[in-house]
Amino acid sequence: MDKLRSMEVFVAAVDAGSFTQAAEAFRISPVMVGKHIKALESLLGARLLTRTTRRQSLTEIGRQYADQCRAILAQIRQAETGAEAMRAAPRGKLKITAPVSFGSEWVSPAMTDYLRAHPEVSLDLNLNDRVVDLVDEGYDAAIRIGDLEDSAMVARALRPYAMVICASPAYLEQHGVPRTPADLAQHECLDFMQWTPQMRWRLREANGERSAARPRESRFRSSSGQALRMAALNGFGLVMQAELLLAQDIAAGRLVPVLADCLPVPRPMHLIYPRDRQPTPKLATFIEFMLERFGPEVPLPYQTL
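Note that this is a predicted model, so its numbers are computed, not measured. (Residues numbered from 1 in each chain as written. Predicted model: local features only at pLDDT ≥ 70, side-chain atom pairs only at ≥ 80, totals over all residues. Heavy atoms only, no water.)

Asker: Which residues make up the side chain of Q56, and what values do they have?
Answerer: Within the element layout of this structure, Q56 appears in strand β2 (residues 56-58). Under the relative-accessibility criterion, Q56 is labelled buried at 16%. Residues within four places of Q56 in sequence aside, it is in contact with A13, V14, G17, S18, F19, T50 and R51. (Helix = DSSP H or I, 4+ residues; strand = E, 2+ residues; numbered from the N terminus. Buried < 20%, exposed > 50% of the residue type's maximum accessible area, 1.4 Å probe, protein only. Contact = heavy atoms within 4.5 Å.)

Now the structure itself:
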(Lines give C-alpha, C1' and ligand atoms only; values in the text may rest on other atoms or scores of the structure.)
Protein backbone atom coordinates (compact mmCIF):
# COMPACT_ATOMS: atom_id res chain seq x y z
CA MET A 1 0.00 0.00 0.00
CA ASP A 2 0.96 3.65 -0.37
CA LYS A 3 2.80 4.45 2.86
CA LEU A 4 1.78 8.12 2.94
CA ARG A 5 -1.84 7.21 2.28
CA SER A 6 -1.71 4.69 5.12
CA MET A 7 -0.27 7.36 7.41
CA GLU A 8 -3.08 9.74 6.47
CA VAL A 9 -5.71 7.08 7.17
CA PHE A 10 -4.06 6.16 10.47
CA VAL A 11 -4.00 9.78 11.70
CA ALA A 12 -7.62 10.27 10.61
CA ALA A 13 -8.69 7.16 12.54
CA VAL A 14 -6.82 8.34 15.64
CA ASP A 15 -8.22 11.86 15.49
CA ALA A 16 -11.79 10.69 14.80
CA GLY A 17 -11.59 7.84 17.31
CA SER A 18 -13.41 5.66 14.81
CA PHE A 19 -12.59 3.53 11.80
CA THR A 20 -16.04 4.33 10.41
CA GLN A 21 -15.54 8.11 10.43
CA ALA A 22 -12.06 7.77 8.94
CA ALA A 23 -13.52 5.51 6.22
CA GLU A 24 -16.15 8.13 5.38
CA ALA A 25 -13.50 10.85 5.10
CA PHE A 26 -11.49 8.82 2.56
CA ARG A 27 -14.50 7.17 0.89
CA ILE A 28 -13.28 3.69 1.69
CA SER A 29 -14.65 0.91 3.86
CA PRO A 30 -13.82 0.49 7.57
CA VAL A 31 -12.20 -2.83 6.61
CA MET A 32 -9.84 -0.96 4.27
CA VAL A 33 -8.99 1.46 7.10
CA GLY A 34 -7.98 -1.55 9.15
CA LYS A 35 -5.83 -2.87 6.29
CA HIS A 36 -3.97 0.43 6.04
CA ILE A 37 -3.19 0.37 9.77
CA LYS A 38 -2.18 -3.29 9.68
CA ALA A 39 0.21 -2.46 6.80
CA LEU A 40 1.89 0.17 8.96
CA GLU A 41 2.07 -2.20 11.93
CA SER A 42 3.65 -4.86 9.73
CA LEU A 43 6.16 -2.32 8.43
CA LEU A 44 7.05 -1.13 11.95
CA GLY A 45 6.88 -4.53 13.60
CA ALA A 46 4.78 -3.08 16.43
CA ARG A 47 1.11 -2.62 17.31
CA LEU A 48 -0.22 0.92 16.95
CA LEU A 49 -3.82 0.51 18.15
CA THR A 50 -5.58 -1.66 20.66
CA ARG A 51 -9.25 -2.19 19.77
CA THR A 52 -12.18 -3.65 21.64
CA THR A 53 -15.82 -3.86 20.61
CA ARG A 54 -16.49 -0.55 22.38
CA ARG A 55 -13.35 1.55 21.95
CA GLN A 56 -9.89 1.89 20.49
CA SER A 57 -6.76 3.22 22.16
CA LEU A 58 -3.23 4.00 21.07
CA THR A 59 -0.27 2.04 22.26
CA GLU A 60 2.75 3.98 23.49
CA ILE A 61 4.44 3.39 20.13
CA GLY A 62 1.19 4.37 18.42
CA ARG A 63 1.04 7.74 20.22
CA GLN A 64 4.60 8.58 19.25
CA TYR A 65 4.11 7.41 15.68
CA ALA A 66 0.87 9.39 15.31
CA ASP A 67 2.66 12.59 16.38
CA GLN A 68 5.47 11.94 13.91
CA CYS A 69 2.96 11.19 11.13
CA ARG A 70 1.17 14.51 11.79
CA ALA A 71 4.47 16.38 11.50
CA ILE A 72 5.44 14.59 8.28
CA LEU A 73 2.04 15.17 6.69
CA ALA A 74 2.14 18.85 7.69
CA GLN A 75 5.54 19.23 5.99
CA ILE A 76 4.19 17.61 2.85
CA ARG A 77 1.21 19.98 2.80
CA GLN A 78 3.55 22.92 3.32
CA ALA A 79 5.76 21.77 0.42
CA GLU A 80 2.72 21.38 -1.83
CA THR A 81 1.44 24.81 -0.86
CA GLY A 82 4.84 26.33 -1.60
CA ALA A 83 5.00 24.65 -5.00
CA GLU A 84 1.51 25.89 -5.85
CA ALA A 85 2.46 29.41 -4.80
CA MET A 86 5.57 29.34 -7.00
CA ARG A 87 3.38 28.41 -9.97
CA ALA A 88 0.88 31.16 -9.18
CA ALA A 89 3.28 34.15 -9.45
CA PRO A 90 6.93 34.78 -10.36
CA ARG A 91 8.96 34.07 -7.23
CA GLY A 92 12.03 32.12 -6.19
CA LYS A 93 15.59 31.96 -7.57
CA LEU A 94 16.48 31.87 -11.26
CA LYS A 95 19.84 30.33 -12.18
CA ILE A 96 21.00 31.51 -15.62
CA THR A 97 24.23 31.09 -17.59
CA ALA A 98 25.44 33.17 -20.53
CA PRO A 99 28.67 33.77 -22.52
CA VAL A 100 31.04 36.17 -20.77
CA SER A 101 31.09 39.07 -23.24
CA PHE A 102 27.41 39.11 -24.19
CA GLY A 103 26.39 38.40 -20.62
CA SER A 104 28.37 41.25 -19.09
CA GLU A 105 27.55 43.79 -21.82
CA TRP A 106 23.84 43.13 -22.35
CA VAL A 107 22.32 40.39 -20.18
CA SER A 108 23.54 41.76 -16.84
CA PRO A 109 22.14 45.30 -17.35
CA ALA A 110 18.88 43.85 -18.69
CA MET A 111 18.46 41.63 -15.64
CA THR A 112 18.16 44.63 -13.35
CA ASP A 113 15.08 45.65 -15.36
CA TYR A 114 13.66 42.13 -15.07
CA LEU A 115 14.24 42.01 -11.30
CA ARG A 116 12.63 45.41 -10.78
CA ALA A 117 9.54 44.14 -12.59
CA HIS A 118 9.45 40.95 -10.49
CA PRO A 119 10.46 41.83 -6.91
CA GLU A 120 9.92 38.29 -5.55
CA VAL A 121 12.48 36.77 -7.95
CA SER A 122 16.23 36.57 -7.26
CA LEU A 123 18.87 35.78 -9.85
CA ASP A 124 22.16 33.89 -10.09
CA LEU A 125 23.87 34.88 -13.38
CA ASN A 126 26.90 32.75 -14.23
CA LEU A 127 29.01 34.17 -17.06
CA ASN A 128 30.96 31.32 -18.60
CA ASP A 129 32.02 30.44 -22.15
CA ARG A 130 31.94 26.69 -21.57
CA VAL A 131 28.87 24.60 -22.47
CA VAL A 132 27.01 24.09 -19.19
CA ASP A 133 24.83 21.04 -18.56
CA LEU A 134 21.61 22.69 -17.45
CA VAL A 135 20.05 19.64 -15.81
CA ASP A 136 23.13 18.27 -14.02
CA GLU A 137 24.22 21.71 -12.79
CA GLY A 138 20.74 22.96 -11.89
CA TYR A 139 20.34 25.88 -14.32
CA ASP A 140 16.94 27.19 -15.40
CA ALA A 141 18.12 28.55 -18.76
CA ALA A 142 21.20 29.36 -20.84
CA ILE A 143 22.14 31.59 -23.74
CA ARG A 144 24.08 29.74 -26.43
CA ILE A 145 25.93 31.16 -29.43
CA GLY A 146 26.47 28.96 -32.49
CA ASP A 147 24.78 25.87 -33.88
CA LEU A 148 23.00 23.76 -31.28
CA GLU A 149 23.55 20.07 -30.82
CA ASP A 150 20.50 17.81 -30.75
CA SER A 151 19.07 17.80 -27.26
CA ALA A 152 15.86 17.60 -25.29
CA MET A 153 16.04 21.34 -24.58
CA VAL A 154 13.63 23.96 -25.88
CA ALA A 155 15.48 26.53 -28.02
CA ARG A 156 14.11 30.03 -28.70
CA ALA A 157 15.90 32.13 -31.31
CA LEU A 158 17.43 35.44 -30.27
CA ARG A 159 18.97 38.04 -32.60
CA PRO A 160 21.85 36.57 -34.68
CA TYR A 161 25.34 37.07 -33.29
CA ALA A 162 26.75 39.21 -36.07
CA MET A 163 30.36 40.41 -36.17
CA VAL A 164 31.67 43.87 -36.99
CA ILE A 165 35.17 45.22 -37.70
CA CYS A 166 35.98 48.60 -36.21
CA ALA A 167 38.76 51.03 -35.48
CA SER A 168 38.98 54.42 -33.83
CA PRO A 169 38.75 57.54 -36.02
CA ALA A 170 42.33 58.41 -35.01
CA TYR A 171 43.66 55.03 -36.15
CA LEU A 172 41.89 55.24 -39.51
CA GLU A 173 43.10 58.78 -40.06
CA GLN A 174 46.69 57.69 -39.46
CA HIS A 175 46.69 54.31 -41.23
CA GLY A 176 43.89 54.60 -43.78
CA VAL A 177 40.65 52.66 -44.22
CA PRO A 178 40.97 49.02 -45.40
CA ARG A 179 38.80 48.37 -48.47
CA THR A 180 39.37 44.62 -48.99
CA PRO A 181 40.45 41.70 -46.74
CA ALA A 182 43.87 41.80 -48.44
CA ASP A 183 44.40 45.31 -47.03
CA LEU A 184 44.48 43.85 -43.51
CA ALA A 185 48.07 42.77 -44.11
CA GLN A 186 49.01 46.45 -43.76
CA HIS A 187 47.12 46.98 -40.49
CA GLU A 188 47.36 46.13 -36.81
CA CYS A 189 44.66 43.48 -36.27
CA LEU A 190 43.77 42.67 -32.67
CA ASP A 191 43.41 38.90 -32.16
CA PHE A 192 41.04 37.06 -29.88
CA MET A 193 43.02 34.19 -28.35
CA GLN A 194 40.03 31.81 -28.33
CA TRP A 195 39.94 31.77 -32.13
CA THR A 196 41.31 28.68 -33.80
CA PRO A 197 43.75 29.28 -36.71
CA GLN A 198 40.93 28.36 -39.11
CA MET A 199 38.58 30.92 -37.54
CA ARG A 200 41.11 33.78 -37.30
CA TRP A 201 39.73 36.77 -39.21
CA ARG A 202 37.73 34.53 -41.55
CA LEU A 203 36.26 37.12 -43.93
CA ARG A 204 34.48 37.13 -47.27
CA GLU A 205 35.16 39.09 -50.41
CA ALA A 206 32.61 41.67 -51.47
CA ASN A 207 31.13 39.12 -53.93
CA GLY A 208 30.40 36.71 -51.07
CA GLU A 209 33.24 34.27 -51.76
CA ARG A 210 35.41 33.23 -48.82
CA SER A 211 38.56 35.33 -48.71
CA ALA A 212 41.97 33.65 -48.73
CA ALA A 213 43.62 36.78 -47.33
CA ARG A 214 44.82 36.77 -43.75
CA PRO A 215 46.22 39.64 -41.67
CA ARG A 216 49.80 39.59 -40.50
CA GLU A 217 50.70 38.11 -37.11
CA SER A 218 49.04 40.15 -34.43
CA ARG A 219 51.15 42.15 -31.99
CA PHE A 220 48.26 42.25 -29.47
CA ARG A 221 46.33 39.14 -28.57
CA SER A 222 43.95 38.66 -25.63
CA SER A 223 41.43 36.16 -24.27
CA SER A 224 39.21 39.12 -23.30
CA GLY A 225 37.01 40.85 -25.85
CA GLN A 226 36.88 43.83 -23.50
CA ALA A 227 40.68 44.13 -23.55
CA LEU A 228 40.68 44.16 -27.37
CA ARG A 229 37.90 46.76 -27.38
CA MET A 230 39.94 49.04 -25.13
CA ALA A 231 43.00 48.65 -27.37
CA ALA A 232 40.90 49.65 -30.38
CA LEU A 233 39.45 52.63 -28.51
CA ASN A 234 43.03 53.67 -27.71
CA GLY A 235 43.79 53.75 -31.44
CA PHE A 236 46.07 50.73 -31.62
CA GLY A 237 44.37 48.70 -34.35
CA LEU A 238 41.33 47.02 -35.88
CA VAL A 239 39.08 44.89 -33.70
CA MET A 240 36.59 42.25 -34.85
CA GLN A 241 33.96 41.61 -32.21
CA ALA A 242 30.22 41.01 -31.96
CA GLU A 243 28.08 43.87 -33.21
CA LEU A 244 26.19 43.75 -29.92
CA LEU A 245 29.36 44.40 -27.94
CA LEU A 246 30.53 47.41 -29.96
CA ALA A 247 27.17 49.01 -30.86
CA GLN A 248 27.34 51.72 -28.21
CA ASP A 249 30.90 52.72 -29.21
CA ILE A 250 29.81 52.90 -32.86
CA ALA A 251 26.74 54.98 -31.99
CA ALA A 252 28.89 57.40 -30.00
CA GLY A 253 31.47 57.68 -32.80
CA ARG A 254 34.25 56.20 -30.70
CA LEU A 255 34.64 53.36 -33.21
CA VAL A 256 34.00 53.32 -36.96
CA PRO A 257 32.86 50.16 -38.84
CA VAL A 258 34.87 49.05 -41.88
CA LEU A 259 34.71 46.16 -44.40
CA ALA A 260 30.94 45.83 -43.89
CA ASP A 261 30.61 43.70 -47.08
CA CYS A 262 33.28 41.22 -45.97
CA LEU A 263 32.09 40.17 -42.52
CA PRO A 264 31.63 36.51 -41.46
CA VAL A 265 28.16 35.03 -41.66
CA PRO A 266 26.29 35.80 -38.40
CA ARG A 267 26.04 32.88 -35.99
CA PRO A 268 22.71 31.90 -34.44
CA MET A 269 22.03 32.73 -30.79
CA HIS A 270 19.40 30.94 -28.70
CA LEU A 271 17.84 30.94 -25.28
CA ILE A 272 17.55 27.30 -24.21
CA TYR A 273 15.81 25.74 -21.23
CA PRO A 274 14.61 22.27 -20.13
CA ARG A 275 11.34 21.07 -21.57
CA ASP A 276 8.43 21.40 -19.15
CA ARG A 277 4.75 21.19 -19.96
CA GLN A 278 4.12 24.11 -17.59
CA PRO A 279 7.18 26.30 -16.84
CA THR A 280 7.15 28.13 -13.53
CA PRO A 281 6.06 31.79 -13.71
CA LYS A 282 9.62 32.94 -12.93
CA LEU A 283 10.96 31.05 -15.97
CA ALA A 284 8.00 31.94 -18.20
CA THR A 285 8.37 35.66 -17.45
CA PHE A 286 12.14 35.46 -17.97
CA ILE A 287 11.68 33.83 -21.39
CA GLU A 288 9.13 36.48 -22.38
CA PHE A 289 11.44 39.26 -21.19
CA MET A 290 14.45 37.93 -23.11
CA LEU A 291 12.47 37.57 -26.35
CA GLU A 292 11.12 41.11 -26.00
CA ARG A 293 14.61 42.49 -25.33
CA PHE A 294 16.78 40.32 -27.59
CA GLY A 295 14.41 38.58 -30.01
CA PRO A 296 15.44 38.09 -33.67
CA GLU A 297 13.32 41.00 -34.88
CA VAL A 298 14.28 43.44 -32.13
CA PRO A 299 16.70 46.15 -33.32
CA LEU A 300 19.80 46.92 -31.29
CA PRO A 301 19.20 49.54 -28.61
CA TYR A 302 21.92 51.53 -30.45
CA GLN A 303 21.33 50.64 -34.09
CA THR A 304 23.96 52.10 -36.37
CA LEU A 305 24.82 49.55 -39.05
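There is more to say after this.
Asker: Outline helix α1 (residues 3-16), listing residues and values.
Answerer: The end-to-end C-alpha distance of α1, which contains 14 residues, comes to 20 Å, matching closely the 20 Å that a straight helix rising 1.5 Å per residue would cover. All of the buried residues in α1 are S6, M7, V9, F10, V11, A12, A13 and V14. Capping the start of α1 is the job of one residue whose side-chain oxygen sits 2.9 Å from the backbone nitrogen of L4: D2. Backbone geometry just after α1 places G17 at a positive phi near 75°. (Expected span 1.5 Å × (residues − 1). Polar contact = N/O pair within 3.5 Å; in protein donor to acceptor, adjacent residues only side chain to side chain.)

Asker: Can you explain the side chain of S6? Please cite residues and give values.
Answerer: Looking at where S6 falls in the secondary structure, it is placed in helix α1. Given a relative accessible area of 2%, S6 falls into the buried group. In terms of polar contacts, S6 uses its side chain to reach the side chain of H36, at 2.8 Å.

Asker: Describe the domain arrangement of the protein chain, and please don't skip the residues or the numbers.
Answerer: Once the domains are mapped, the protein chain shows domain 1 (3-87), domain 2 (92-162 + 267-294) and domain 3 (163-258). Between the C-alpha centres of domain 1 and domain 2 the distance comes to 45 Å. (Domains from an automatic or database assignment.)

Asker: So what about the packing of aromatic side chains? Which residues, and what values?
Answerer: One pass over the structure, following the stated rule, counts five aromatic pairs. Taken together, a centroid distance of 5.7 Å and an interplanar angle of 65° make the contact between Y114 and F289 edge-to-face. One end of the pair, Y114, is in helix α5 (residues 100-117); the other, F289, is in helix α10 (residues 281-294), and 175 residues separate them in sequence. F289 matches Y114 in its accessibility class, with the two residues each being buried. Sitting above the plane of the Y139 ring, K95 keeps its charged end 4.5 Å from the centroid. (Phe/Tyr/Trp six-rings, centres within 6.5 Å; stacked < 30°, edge-to-face > 60°. Lys NZ or Arg CZ within 6 Å of the ring centre and 35° of its normal.)

Asker: Please give an account of the sheet that holds strand β10 (residues 238-242) that cites residues and values.
Answerer: The strand order across the open sheet built from five strands is β9-β8-β10-β7-β11, with neighbouring strands paired in mixed fashion. Strands with a single pairing partner mark the edges of an open sheet, and in this sheet they are β9 (221-222) and β11 (256-258). Docked against the sheet, helix α8 (residues 225-233) engages β8 (189-192), β9 and β10, running at close to 170° with respect to β8. In this fold helix α9 (residues 243-251) packs onto β7 (163-167), β10 and β11, with an angle of close to 120° to the strand it touches most, β10. (Pairing = 2+ DSSP bridges. Axes fitted to C-alpha atoms, helices over the stretch in contact; angles between N-to-C directions.)

Asker: Break down the nonpolar core for me, with residues and values.
Answerer: Counting 54 residues, the largest nonpolar core has F102, I143, I165, L238, L271 and F286 as the members making the most contacts within it. Both domain 2 (92-162 + 267-294) and domain 3 (163-258) contribute no fewer than three residues apiece to this core. Apart from residues lying up to four places away in sequence, F286 is in contact with L94, I96, M111, Y114, A141 and L271. Counting residues in hydrophobic clusters, the runner-up holds 20 residues, among them A22, F26, V33 and L48. (Core = buried A, V, L, I, M, F, W, Y, C linked by side-chain atoms within 4.5 Å.)

Asker: Explain the pairing of strand β4 (residues 121-127) to me, using residue names and the numbers behind them.
Answerer: Alignment of strand β3 (residues 92-98) against β4, held across seven bridges, turns out to be parallel. The residue bridging K95 from the neighbouring strand is D124, located in β4. Remark: the β3/α5/β4 crossover connection has right-handed handedness. (Right-handed = clockwise from strand over helix to strand, strands pointing away.)

Asker: Account for the confidence of the model for the protein chain, with residues named and values stated.
Answerer: On average, residues of the protein chain score 86 in pLDDT, and 92% of them reach the 70 mark or higher. Across the protein chain, element-level confidence peaks in helix α7 (residues 169-175) with a mean pLDDT of 95 and bottoms out in helix α4 (residues 60-88) with 79. (pLDDT = per-residue confidence, 0-100.)

Asker: Outline the pattern of salt bridges, supporting the account with residue identities and numerical values.
Answerer: One pass over the structure, following the stated rule, counts twelve salt bridges. A salt bridge links R70 to D15; the shortest N-O distance between them is 2.6 Å. Of this pair, R70 sits in helix α4 while D15 sits in helix α1, and the two are 55 residues apart along the sequence. Judged by its relative accessible area of 30%, R70 falls in the partly exposed class. Between R293 and D113 there is a salt bridge whose closest N-O contact spans 3.1 Å. Of this pair, R293 sits in helix α10 while D113 sits in helix α5, and the two are 180 residues apart along the sequence. Each of D15, D67 and R70 takes part in salt bridges that share partners, so that together they form one network. (Salt bridge = Lys/Arg side-chain N within 4 Å of Asp/Glu carboxyl O.)

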